[in-house]
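# Secondary and tertiary structure notes
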Amino acid sequence: MSDKKKVAILVSGGGSNMVALVESMQGDHPARPCLVLSNDAEAGGLKKAAAAGIATAAVDHRPFKGDRAAFEAELVKPILESGADIVCLAGFMRVLTAGFVGHFQGRMLNIHPSLLPKYKGLHTHARALEAGDSEHGCTVHEVTPALDDGPILGQARVPVLAGDTAETLAARILVQEHRLYPEVLRRFAGGDRSPVYLQG
Ligand code: GAR
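Scope of this entry: the structure provided in the associated data block. (Residues numbered from 1 in each chain as written. Predicted model: local features only at pLDDT ≥ 70, side-chain atom pairs only at ≥ 80, totals over all residues. Heavy atoms only, no water.)

### Points about the site of the ligand
Lining the immediate environment of the ligand, one finds Gly14, Gly15, Ser16, Asn17, Gly91, Met93, Ile111, His112, Pro113, Leu174 and Glu177. Between the ligand and the protein, one listed contact pairs an oxygen atom with a backbone N or O atom of Asn17 at 2.9 Å. Glu177 is positioned such that a nitrogen or oxygen atom in its side chain is 2.8 Å from an oxygen atom of the ligand. Against a free-state accessible area of 450 Å², the protein chains account for coverage of 81% of the ligand. The set of elements that each furnish at least two residues to the shell around the ligand consists of helix H1 (16-24), strand E5 (108-112) and helix H6 (166-189). (Near = heavy atom within 4 Å. Polar contact = N/O pair within 3.5 Å; in protein donor to acceptor, adjacent residues only side chain to side chain. Areas by Shrake-Rupley, 256 points an atom, 1.4 Å probe, with all protein chains shown as cover. Helix = DSSP H or I, 4+ residues; strand = E, 2+ residues; numbered from the N terminus.)

Put into structure tokens, the structure is as follows:
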């Protein structure tokens, strides 16, 4: 275990990407999960992580009433205590400041449900449909202070089908997220930052 990279995973919701990452970190994989952390103590992802025997923690953002720096000062503590080498944002729905990102420069990843640089921010599936795009997908990228920016480490594409809704598209892309993120993390933890491209 000592030669393995330690990975902290941040979630806000159900944590299906977190589960895919955790399940991938076995055998000769160069990393192991050390912490699952949420801004919501009720997040489904925390229960799944605890059931898998992984240390969990929660820092509720709401008492900080929009004071991002104060929230992040608490959020960073369990990550630093865990000794994480790599931080994976997996459906973590809080915007992070440059101060927080600076702690983990070059070792924090995020998955975003669009083919970046298209559709940064929210409602990506509805926006792809509205634009009439023929394909859509997801991206894993290194986190930098700018939102949904940073070097691209991998993308998976899916066709947009006739009759697709934001929900059907989201579900088709989530399947690809669960392929892409573990693939990128395995490479990244092994020191390979060259991007991987998958076709759904
Ligand atoms: C995923 O689709 C992820 O790409 C998206 O939230 C979902 C989380 O699902 N992330 C973002 O929109 C980040 N801006 P999960 O909790 O089941 O992994």
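There is more to say, and it comes next.
### Brief notes about the pattern of salt bridges
According to the stated counting rule, one finds 9 salt bridges in the structure shown. As a salt-bridge pair, Lys77 and Glu74 come within 3.0 Å of each other at their nearest N and O atoms. In this pair, Lys77 and Glu74 are both assigned in helix H3 (residues 68-82), 3 residues apart and thus about one turn of the helix distant. Under the relative-accessibility criterion, Glu74 is labelled partly exposed at 31%. Among the salt bridges present, the one from Arg172 reaches Asp164, with a minimum N-O distance of 2.7 Å. Its relative accessible area of 23% is what places Arg172 among the partly exposed residues. (Salt bridge = Lys/Arg side-chain N within 4 Å of Asp/Glu carboxyl O. Buried < 20%, exposed > 50% of the residue type's maximum accessible area, 1.4 Å probe, protein only.)

### Comments concerning the nonpolar core
Ile9, Cys88 and Leu109 are the most contacted members of the largest nonpolar core, which has 34 residues in total. With 8 residues, the top contributor of residues to this core is H6. Leave out the neighbours within four places in its chain, and Cys88 touches Val7, Ala8, Ile9, Leu10, Leu21, Leu109, Tyr181 and Leu185. Val59, Phe71, Leu75 and Val76 belong to the second-largest nonpolar core, a separate cluster that totals 20 residues. (Core = buried A, V, L, I, M, F, W, Y, C linked by side-chain atoms within 4.5 Å. Contact = heavy atoms within 4.5 Å.)

### As for unusual backbone geometry
The omega torsion across Leu116 and Pro117 is 15°, close enough to zero to call that bond cis. Note on placement: Pro117 falls in the loop between E5 and helix H5 (124-130). A positive phi angle, close to 45°, is found at Lys65, a residue other than glycine. A relative accessible area of 74% means that Lys65 is categorised as exposed. Its identity is not glycine, yet Tyr119 carries a phi of approximately 55°, on the positive side.

### Focus on the packing of H1 against H6
Between H1 and H6, the least distance of the axes is 9 Å, while the angle of their chain directions is 40°. Between H1 and H6, the angle falls in the class oblique. Classified by chirality, the crossing of H6 by H1 is right-handed. Contact with H1, carried on its side by Ser16, Asn17, Ala20, Leu21 and Ser24, involves Leu174, Glu177, His178, Tyr181, Pro182, Leu185 and Arg186 of H6 and no other residues of that element. Of the residues that constitute the contact of H1 with H6, the class distribution is 6 nonpolar, 4 polar and 2 charged. (Axes fitted to C-alpha atoms, helices over the stretch in contact; angles between N-to-C directions. Parallel < 35°, antiparallel > 145°, perpendicular 65-115°, else oblique. Left-handed = near helix turned anticlockwise from the far one by under 90°. Nonpolar A, V, L, I, M, F, W, Y, C, P; charged D, E, K, R; others polar.)

### A closer look at the pairing of strand E8 (residues 196-199)
Along E8, the buried face is formed by Val196 and Leu198; none of Tyr197 and Gln199, which line the opposite face, is buried. Pairing analysis gives 4 bridges linking strand E7 (residues 152-159) to E8, with the strands arranged parallel. For Ala156, the partnering residue across the bridge sits in E8 and is Leu198. Traced from E7 through H6 to E8, the parallel crossover comes out left-handed. (Pairing = 2+ DSSP bridges. Right-handed = clockwise from strand over helix to strand, strands pointing away.)

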